[in-house]
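# Summary of structural features
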Amino acid sequence: MRRTSALILIGNEILSGRTRDDNIQFLALRLGELGIPLREIRVIPDIRETIIRTVSELRGAYDEVFTTGGIGPTHDDITAPCVAEAFGVPWEIHAPTFALLSEYFRHTEFNAARQRMAHLPRGAVPIANPISHAPGFTIGNVHVLAGVPRIMRAMFDELAPTLQRGAPVFSRTWHCTSLYEGTLAAELEAIQARHPDLDIGSYPFHREDGYRGVALVAKGQDEEDVSRAAQEIHDLISAKGATPIEGEPLR
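Attention here is on the structure that accompanies the text. None of the values given here were measured: they were computed from a predicted structure.

## Considerations on the sheet that holds strand 7 (residues 136-139)
The mixed open sheet is built from six strands, whose spatial order is 2-1-3-8-7-6. Strands with a single pairing partner mark the edges of an open sheet, and in this sheet they are strand 2 (38-44) and strand 6 (125-127). Here the strands of the sheet are splayed against their neighbours by 20° on average, with no regard to which way each runs. Pairing between strand 6 and strand 7: three bridges, direction antiparallel. Within strand 7, the residue paired with Pro126 across the bridge is Phe137. Packing against the sheet, helix 7 (residues 149-159) makes contact with strand 3 (64-68), strand 6, strand 7 and strand 8 (142-145), and its axis sits at approximately 145° to strand 8.

## Let's talk about a nonpolar patch on the surface
Together, Leu15, Ile24, Ile41 and Val43 make up an exposed nonpolar region whose accessible area comes to about 290 Å². As for its placement among the helices and strands, Ile41 is situated in strand 2.

## A closer look at the nonpolar core
If you look at the biggest cluster of nonpolar residues, it comprises 42 residues, and the most contacted ones within it are Leu27, Phe66, Phe137, Leu145 and Phe156. In this view, Phe156 contacts Phe26, Leu27, Arg30, Leu31, Leu34, Phe66, Leu145 and Leu163; residues no more than four positions away in its chain are not counted. If you look at the next biggest cluster of nonpolar residues, it comprises 18 residues, including Trp174, Cys176, Ile191 and Val214.

## Examining the packing of helix 3 (residues 48-59) against helix 4 (residues 79-87)
At a minimum axis separation of 9 Å, helix 3 and helix 4 run at an interaxial angle of 50°. Classified by the interaxial angle, the pair formed by helix 3 and helix 4 is oblique. At the point where helix 3 passes helix 4, the crossing takes the right-handed sense. Of the residues in helix 4, those touching helix 3 at Arg48, Ile51, Ile52, Val55, Ser56 and Arg59 are Cys82, Val83, Glu85, Ala86 and Phe87. For the contact of helix 3 with helix 4, the class distribution of residues is seven nonpolar, one polar and three charged.

## Thoughts on the packing of helix 2 (residues 24-33) against helix 7
Contact geometry of helix 2 with helix 7 gives a least axis separation of 11 Å together with a crossing angle of 15°. As summarised for this structure, helix 2 and helix 7 are arranged roughly parallel, according to the angle between their axes. The interaxial crossing formed by helix 2 with helix 7 has right-handed handedness. Of helix 7, the residues touching helix 2 (which contributes Phe26, Leu27, Arg30 and Leu31) are Met152, Arg153, Phe156 and Asp157. In terms of residue class, the contact of helix 2 with helix 7 is built from five nonpolar, no polar and three charged.

## Examining the side chain of His195
Summarising the element assignment, His195 is placed in the loop between helix 8 (181-194) and strand 10 (199-206). A relative accessible area of 4% means that His195 is categorised as buried. Among the polar contacts made by the side chain of His195, one reaches the side chain of Glu232 at a distance of 2.9 Å.

## Let's talk about the packing of aromatic side chains
Under the criterion given, the structure shown has six aromatic pairs. Plain terms: the ring middles of Tyr104 and Phe105 are 5.0 Å apart, the flat faces sit at 75° to each other, and that makes the pair edge-to-face. We classify Tyr104 as partly exposed; its relative accessible area is 37%. On the basis of relative accessible area, Phe105 is assigned to the buried category, the value being 11%. Taken together, a centroid distance of 5.9 Å and an interplanar angle of 15° make the contact between Phe105 and Phe110 stacked.

The rules behind each value
- Residues numbered from 1 in each chain as written.
- Predicted model: local features only at pLDDT ≥ 70, side-chain atom pairs only at ≥ 80, totals over all residues.
- Heavy atoms only, no water.
- Pairing = 2+ DSSP bridges.
- Helix = DSSP H or I, 4+ residues; strand = E, 2+ residues; numbered from the N terminus.
- Axes fitted to C-alpha atoms, helices over the stretch in contact; angles between N-to-C directions.
- Contact = heavy atoms within 4.5 Å.
- Patch = residues over 30% accessible without salt bridge, like charges linked within 9 Å, V, L, I, M, F, W, Y side chains within 5 Å.
- Areas by Shrake-Rupley, 256 points an atom, 1.4 Å probe, with all protein chains shown as cover.
- Salt bridge = Lys/Arg side-chain N within 4 Å of Asp/Glu carboxyl O.
- Core = buried A, V, L, I, M, F, W, Y, C linked by side-chain atoms within 4.5 Å.
- Buried < 20%, exposed > 50% of the residue type's maximum accessible area, 1.4 Å probe, protein only.
- Parallel < 35°, antiparallel > 145°, perpendicular 65-115°, else oblique.
- Left-handed = near helix turned anticlockwise from the far one by under 90°.
- Nonpolar A, V, L, I, M, F, W, Y, C, P; charged D, E, K, R; others polar.
- Polar contact = N/O pair within 3.5 Å; in protein donor to acceptor, adjacent residues only side chain to side chain.
- Phe/Tyr/Trp six-rings, centres within 6.5 Å; stacked < 30°, edge-to-face > 60°.

Below, the structure written as structure tokens:
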């Protein structure tokens, strides 16, 4: 079964360059393993109308939608109320989460800002947060995660067993150090044409120590088709007089 997903990165700090996003690669790899490969990624600001519009659009286009960022205690953490609005439900105190956070903050001040994190869209299911306890949540096919990478990963590990899996994504890579993209482009395009359901990629690499070349990748959800395309890539590299090396190049 083929399933698809999209990711929405929410935060002015990402768009400004102040914060580097470290979540995309983790989610892309994990979702591929679960057979729910990412098909679209959007980076959007902390603007109410933009969040509502983007969530509404993508949840209708993909099987699963994931968001990161904007679920903390500050004034610009508006993801949760915006998702509630996108679903047409109230954003309200979730009693079990309120009790959980009240206990967590019992030795300090459980103030109004922290109480914001106990609000969820009505009908949402919390995603446990074993690190800082303030949960993410799932509503419909939208999964709202923290932006901090360590917390996001912990939340995703809690969420992953509940996701409906599809066919896993398989990948095979060959690389070489004596050929470059321009000498392979035409033949690689022909391989792509013979395997239209796969993603055939060409990725140059150049290390500071002079180790350079190109990696050619076949990726898709049909393992046999991936294997056939990978063999064609191997044979192409050999036909060009280079030595195919299986796997990703050393970084």
